[in-house]
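Descriptive analysis of the structure
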Amino acid sequence: MSGRPLDVLEASLGDRVTVRLKSGDEYVGDLAGYDQHMNLVLEDVMIPVEGNVEEEPPAEDTTIIRGDNVVSITP
């Protein structure tokens, strides 16, 4: 994988990624799209619930995340 951020995102299209936001929230989903501002489109999103392992975390069909809020994206 190349070290350029957009190349990494391109290689991760369709794969499961973890996105951490400035707020500390974390989203896990399939990367469906992105743009040059690193705005992200995630599908089949799971939002991990801290400290609660027994209940199923809430799931969303499609989530759009503004690139300004993203701290890290882990393929």
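Along every chain, residues carry numbers that run from 1 in the direction the sequence is written. Local features in this predicted model are restricted to residues of pLDDT 70 or higher, and side-chain atom pairs are both shown and tallied only at a pLDDT of 80 or more, whereas totals for entire chains, interfaces and linings draw on every residue. Values reported for side chains reflect all heavy atoms of the structure, with hydrogen atoms and water molecules removed beforehand.

Here the focus is the environment of R16. Secondary structure elements are taken from DSSP: a helix is a run of H or I of four residues or more, a strand is a run of E of two residues or more, and numbering for both begins at the N terminus. As for its position among the elements, R16 is in strand β1 (residues 16-21). Residue classification places R16 among the partly exposed positions, given a relative accessible area of 37%. Residues R16 and T74 lie 58 residues apart in sequence; the distance between their C-alpha atoms is 8.9 Å. By the criterion applied in these results, polar contacts are pairs of N or O atoms within 3.5 Å in which, for protein atoms, one can donate a hydrogen and the other can accept it, and in which residues neighboring in sequence qualify only through two side-chain atoms. A polar atom in the side chain of R16 sits 3.2 Å from the side chain of D30. Throughout, exposure labels follow a simple rule: accessible area from a 1.4 Å probe, protein chains only, divided by the maximum for the residue type, with under 20% read as buried, over 50% as exposed, and the rest as partly exposed.

By size, the foremost hydrophobic cluster in this structure holds eleven residues: L9, V17, V19, L21, Y27, L31, L40, L42, V45, I65 and V70. Looking at this core, the elements that each hand over two or more residues are β1, β2 (26-34) and β3 (40-46). Those residues in contact with L40 that lie beyond four places of it in its chain are L9, V19, L31, G33, Y34, T63, I64, I65, V70 and I73. The term nonpolar core refers to a set of buried residues drawn from Ala, Val, Leu, Ile, Met, Phe, Trp, Tyr and Cys, joined through side-chain atoms within 4.5 Å. Note on contacts: a residue pair qualifies if any of its non-hydrogen atoms lie within 4.5 Å across the two residues.

Each patch is assembled from residues with relative accessible area greater than 30% and no salt bridge, linking like charges that lie within 9 Å and nonpolar side chains (Val, Leu, Ile, Met, Phe, Trp, Tyr) that lie within 5 Å. With residues, only the protein chains shown are counted as cover, and all accessible areas are computed by Shrake-Rupley using a 1.4 Å probe. A pair is scored as a salt bridge if a Lys or Arg side-chain nitrogen falls within 4 Å of a carboxyl oxygen belonging to Asp or Glu. When charges are counted, Lys and Arg contribute as positive and Asp and Glu as negative, whereas His and the chain ends are disregarded. To locate a charge, take NZ of a lysine, CZ of an arginine, CG of an aspartate or CD of a glutamate. A surface patch of negative charge is lined by E43, D44, E60 and D61. Looking at the negative patch, the elements with two or more residues in it are β3 and β4 (59-65).

A word on the pattern of salt bridges. Inspection of the entire model under this criterion finds four salt bridges. A salt bridge links D7 to R4, with the nearest nitrogen and oxygen atoms 2.8 Å apart. The class for D7 is partly exposed, based on a relative accessible area of 27%.

Quick look at the pairing of β1 now. Going residue by residue along β1, you find V17, V19 and L21 tucked away on one face and R16, T18 and R20 left uncovered on the opposite face. Remark: four residues form the turn of the hairpin made by β1 and β2, two consecutive strands paired antiparallel; G24 in that turn has positive phi of roughly 95°. For two strands to pair, DSSP has to find at least two bridges joining them. Both β1 and strand β5 (residues 70-74) contribute to a ladder of four bridges, which runs antiparallel. Residue pairing for β5: V19 is matched across the bridge by I73.

Remember, this is a structural readout, not a statement about activity or role.
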